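Structural features, examined
This is what each chain is made of:
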Amino acid sequence: MKKWITIFMKDIGLLCRIMQYIIVVLAYSFFKQVVVIGSCLFISHKYFSKMGVLIMNIVVTQPSATPVIQALRSLGYNAGTAIADLVDNSVDAGATKITLEFKYLGNDGTIIIADNGSGMDEDMLQIAMNIGSKDPRANRQPRELGRFGMGLKTASFSLGKRLSVLTKHKGAYAQRCWDLDHVSQCNEWQLFMKIPEEVRELMNKIEGDSGTVICIDKLDRFMGAGTANTIHERSFFTKVRRIHNHLEFVFHSIIEYDKVQIILNENVLDPWDPFMIKHPSTVEGETQVLNINGNRIKVKYYVLPHASFLNEQEYKRAGGNRGWRDHQGFYIYRENRLLYYGDWLGMFQKDASCQLARIRVDLPNMADNDWQVDIKKSAVIPPDNAKIRLESIAKFVRKISRDIFYFRTQGSHSNQTFKGSLNTWELSGSDEGQQFILNRNHPILLEIQKKIDDETARLLNMYLKFVQLGSPSNIIDSPKVAEEVIQMVTDARKELVVQFSSTLTKLQVVENQQQLLDALITQPAFDGLNQITLKLILEEANLSYE
């Protein structure tokens, strides 16, 4: 039997070669230019149409496996973004329970992710294991998180060199395994149809009729497996703890509102809400819907409570993993999954007074191209017309944040009103030139002024004016002035110099002009005036020092 098979195979080979010669002869008779290399036929003709067929010089090439694989491993994932990308696949499969298990095995480790989603049959799994299984321009299903069809492979390869997938669909199992050591050795896209037995033993059984388990090992990128720099067990689980926190943040809406349970090393993830929606002192804006290039973008702002309204645990948790200052700004979500946060998208600089402002922006997956969502689903670039709309919203929210931060004017959760008349300080000016002024209409100050005589009131007002001008927040930048030039000074400012100087002389704080000059140049209110100009103003006022 074996002999007949060998003869048959030889006959098939001979038949193929005969067919190739026939094709060459026919092609030459039509096109006059043929090149045969190995088993590949190339017909060289720039643009040639004959018998209704257009012929162009096109050569189909296949990229070399080893360099491409190494490039795919270096797309810029960190451990948190890689694991989040893998969890996306489970969410897309309709899973309601996703279990992650990180095992430290000394010289290596394993990352196992199991879900109770819809699973895959043989054909579906083969497509999923192909490099680039989706066209990012194609329409997506509602709520679908995937985009390029790359995440399963690229995210896994950024962690380790072997990816094994076991899946069950309608009770039927399928399995595949990528081993990058093997790919590098043969330099071909060879995908194993069976999972190695030593790996299969580590993977959980799939309960029910459907579900998927993936296992990543040979964790050279995650823990230095197979190298001289393998990390210790403590460092391994420190990384796992950071991943735990990252997933609580990225999937907080999906966990809370889509009722998906995520368990990491037997610990159920507790969604971290960056907006403190349930706190009674959080200021919550109305949802605005923006039509940006045909996509409906939902925008809603939140201003968190002043620290004085929070207990220690609330304050620490609201600060997140980066701290309060670095959590301000826009939070970009795609189908309820957080993509990007803690930034004003280049519109404003971060500052302490705006750290309470957080703005949620929800995108549909059809807006991916418009917002330039990257392959890792961790960065976005909004279109210019969206930036204009978002900037106006952000200016308004930043103003509310500053009011609360400086004055503790915390509006009620229901009507969002502010008690501005009780502030001792008020903020005037824009983002570029804001200044703090005393609230002269404060009820306590008004009551004091009613009970004092005119001279005392004059002294009090003079003092308050210099308190305001000398506020540290108003004198961050002291201007440099030329000392040898007599400056132009407004009448109002001259009057201020004279009033202050007269008060000091009457109170006998100074005894002569030089002492008065020394006192004036120390006052922040007169930072922009040089000594020559101040001396000229005093001489014109003809003050008495007796």
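So, a few notes on the structure that sits alongside this text. Every residue gets a number counted from 1 within its own chain, in the order that chain's sequence is written. This being a predicted model, a pLDDT of at least 70 is required before a residue's local features are given, and a value of 80 or more before pairs of side-chain atoms are given or counted; all residues contribute to the totals for chains, interfaces and linings. Here the side-chain values reflect all heavy atoms present in the structure, with hydrogen atoms and water set aside.

**A look at the packing of aromatic side chains**
For Phe, Tyr and Trp, rings pair up if their centres lie within 6.5 Å, where Trp contributes its six-membered ring, and each pair is then called stacked (planes under 30 degrees apart), edge-to-face (over 60) or tilted (otherwise). Applying the stated criterion to the full structure yields 17 aromatic pairs. Taking the centre distance of 6.4 Å and the plane angle of 85 degrees together, the rings of tryptophan 178 and tryptophan 189 count as edge-to-face. With tryptophan 178 in strand β8 (residues 172–179) and tryptophan 189 in the loop between α6 (180–186) and α7 (197–200), the pair connects residues that are 11 residues apart, well separated along the chain. Throughout this description, buried means an accessible area under 20% of the type-specific maximum (1.4 Å probe, protein chains only), exposed means over 50%, and partly exposed covers the range between. The partly exposed category is assigned to tryptophan 189, whose relative accessible area is 25%. Relative to tyrosine 302, the ring of phenylalanine 275 has its centre 4.7 Å away and its plane inclined at 25 degrees; by these criteria the two rings are stacked. With phenylalanine 275 in the loop between β11 (267–268) and β12 (283–284) and tyrosine 302 in strand β14 (residues 295–303), this pair connects stretches of sequence that are 27 residues apart. The exposure class of phenylalanine 275 is buried, given its relative accessible area of 0%. Put simply, the rings of Phe249, Trp272, Phe275, Tyr302, Tyr331, Tyr333 and Tyr341 pair up and form one aromatic cluster. Two thresholds decide whether a charge sits over a ring: the Lys NZ or Arg CZ must be within 6 Å of the ring centre and within 35 degrees of the ring normal. Across the ring face of phenylalanine 222, the terminal group of lysine 239 is positioned such that the distance to the ring centre comes to 4.4 Å. A cation sits over an aromatic face here: arginine 358 above tryptophan 324, 5.6 Å from the ring centre. A helix here means a DSSP run of H or I that spans at least four residues, while a strand means a run of E at least two residues long, and both kinds are numbered starting from the N terminus.

**Topic: helix α17 (residues 531–541)**
For α17, every residue scored as buried is listed here: Thr533, Leu534, Ile537 and Leu538. The buried residues of α17 all sit within an arc of 135 degrees when viewed along its axis, so they share a single face. Where the residues of α17 are buried, they touch α15 (491–506) and α16 (513–520). In the stretch just after α17, asparagine 542 is the one whose phi turns positive, near 50 degrees. Taken from the helix axis, the directions to the C-beta atoms give the arc we talk about. Contacts were defined at the residue level, with two residues in contact if any of their heavy atoms lie within 4.5 Å.

**So, the side chain of arginine 337**
Along the polypeptide, arginine 337 turns up in strand β16 (residues 337–343). Classification of arginine 337 as buried rests on a relative accessible area of 3%. The term polar contact refers here to a pair of N or O atoms within 3.5 Å; inside protein, the definition further demands a hydrogen-donor-capable atom paired with an acceptor-capable atom, and it admits residues adjacent in sequence only when both atoms are side-chain atoms. Looking at arginine 337, its side chain comes within polar contact range of the side chain of aspartate 88, at 3.1 Å.

**Focus: the pattern of salt bridges**
The salt bridge definition used is simple: a Lys or Arg side-chain nitrogen within 4 Å of an Asp or Glu carboxyl oxygen. This model, assessed by the stated rule, comprises 21 salt bridges. Salt-bridge contacts for aspartate 368 lead to arginine 334; the nearest nitrogen and oxygen are separated by 2.6 Å. Taken together, the residues span a long stretch of sequence, with aspartate 368 in the loop between β17 (357–363) and α12 (384–407) and arginine 334 in strand β15 (residues 329–334) at a distance of 34 residues. Overall, the relative accessible area of 1% leaves arginine 334 in the buried class.

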